[in-house]
Amino acid sequence: MKTALLPPAILNLVEELARLPGIGRKTASRLAFYILNASNHDAENLARAIREVKQKIRFCKTCFNITEEEICQICRDTSRNRSQICVVEDPASIIMLEKTNEYQGLYHVLGGVISPLDGIGAEDLHMKQLIERLEGVHEVILALNSSTEGEATSIYLTRLLKSRGIKVTRLARGIPLGSNLEFVDELTLSKALKSRMDV
Ligand SMILES: [Zn+2]
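In what follows, the accompanying structure is described. (Residues numbered from 1 in each chain as written. Predicted model: local features only at pLDDT ≥ 70, side-chain atom pairs only at ≥ 80, totals over all residues. Heavy atoms only, no water.)

**Quick word on the coordination of the zinc ion**
Around a metal, the ideal angle is 109.5 degrees if four donors adopt a tetrahedral arrangement and 90 or 180 degrees if six donors adopt an octahedral arrangement.
Here is step 1 of the chain: For the zinc ion, the protein coordination sphere consists of Cys-60 (SG), Cys-63 (SG), Cys-72 (SG) and Cys-75 (SG), at 2.3 Å.
Here is step 2 of the chain: Each of the 4 donor atoms bound to the zinc ion contributes to angles spanning 104 to 116 degrees, and the resulting shape is tetrahedral.
Here is step 3 of the chain: Binding-site remark: the zinc ion is held by donors from one chain whose sequence spacing is C-x2-C-x8-C-x2-C.
Here is step 4 of the chain: For Cys-63, a relative accessible area of 2% translates into the label buried. (Donors = N, O, S within 2.8 Å, 3.2 Å for Na, K, Ca; no water. Tetrahedral: all angles 85-135°; square planar, octahedral: opposite > 155°, others 65-115°. Buried < 20%, exposed > 50% of the residue type's maximum accessible area, 1.4 Å probe, protein only.)

Have a look at this one:
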């Protein structure tokens, strides 16, 4: 499609949609026309949902999970085991681990992994905040994605935590190498959590 022929408002929408991950220009055009043909009600709902997610969602002050409150639901839940913290890269991993119903402890979202090529060092992640939460914690479970950067970050964290006398475990293998936790099925994840290993 010759996008130069499109009215500026559509062109603008195509360009914004094409910036989303996994959306090429062709799909972006298709979505833009879908929105154009949708009812005012549906289009307005979509716009409102986008605005609301930016206005209402913030990060938990304790664990950096996504929440609409100052402290997230998991951190507020007094029935959870406060002596365990599971460290993950992003809030999407928490959703996956919660689905297994296997884990009753708390979480800590790092907000990424150490990646020198992308200029991300330990100080850019929520590691300091993790160290500050260790009082009364007996075990830290590392559940980072099994990418090269995830592995390197796990090794870094293991050293950091062990030097403070914390027991460190990590998810058992069985999670395909290089895979993102978000795409691992619940059964595999549940097994990996149950048979986690000391490091
Ligand atoms: Zn929290």
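Anyway, onward from the coordinates.
**Observations concerning helix α8 (residues 186-194)**
Here is step 1 of the chain: Inspection of α8 places Leu-189, Ser-190, Ala-192 and Leu-193 among the buried residues, and these make up the whole buried set. One side of α8 holds all its buried residues, which, seen down the axis, span an arc of 165 degrees. Across from the buried face of α8, at angles greater than 90 degrees, the exposed residues are Leu-187, Lys-191 and Lys-194.
Here is step 2 of the chain: At its buried positions, α8 is contacted by α5 (91-99) and β5 (139-142). (Helix = DSSP H or I, 4+ residues; strand = E, 2+ residues; numbered from the N terminus. Arc of directions from axis to C-beta. Contact = heavy atoms within 4.5 Å.)

**As for the sheet that holds strand β6 (residues 167-170)**
Here is step 1 of the chain: Strand order in the open sheet formed by 5 strands is β4-β3-β5-β6-β7, with mixed pairing between adjacent strands. If you trace the sheet from one side to the other, it starts and ends with β4 (105-109) and β7 (197-198), each paired once.
Here is step 2 of the chain: Where β5 meets β6, 4 bridges bridge the pair, whose relative direction is parallel. Counted as the bridge partner of Leu-142 is Arg-170 from β6. (Pairing = 2+ DSSP bridges.)

**Let's talk about the packing of aromatic side chains**
Two aromatic rings, taken as a pair, are described by how far apart their centres are and by the angle between their planes.
Here is step 1 of the chain: Following the criterion strictly, the structure yields 1 aromatic pair and no others.
Here is step 2 of the chain: Look at Tyr-103 and Tyr-107: their rings are 5.1 Å apart centre to centre, the planes differ by 65 degrees, and that puts the pair in the edge-to-face class. (Phe/Tyr/Trp six-rings, centres within 6.5 Å; stacked < 30°, edge-to-face > 60°.)

**Structural notes on the pattern of salt bridges**
Here is step 1 of the chain: Applying the stated criterion across every chain, the model contains 8 salt bridges.
Here is step 2 of the chain: Between Glu-16 and Arg-19 there is a salt bridge, with its nearest N and O atoms 3.4 Å apart.
Here is step 3 of the chain: For Arg-170, the salt bridge goes to Glu-151, with nearest N and O atoms at 3.0 Å. Highlighted residues: Arg-170 in strand β6 and Glu-151 in helix α7 (residues 148-162), separated in sequence by 19 residues.
Here is step 4 of the chain: Its relative accessible area of 13% is what places Arg-170 among the buried residues. (Salt bridge = Lys/Arg side-chain N within 4 Å of Asp/Glu carboxyl O.)

**A look at unusual backbone geometry**
Here is step 1 of the chain: The residue Phe-64 is not glycine, and still its phi comes out positive at about 70 degrees.
Here is step 2 of the chain: Along the chain, Phe-64 falls in the loop between β1 (58-59) and β2 (66-67).
Here is step 3 of the chain: At Asn-101, a position not held by glycine, the phi torsion is positive, near 60 degrees.
Here is step 4 of the chain: By the secondary structure assignment, Asn-101 is in the loop between α5 and β4.

Purely geometric numbers; function is a separate question.
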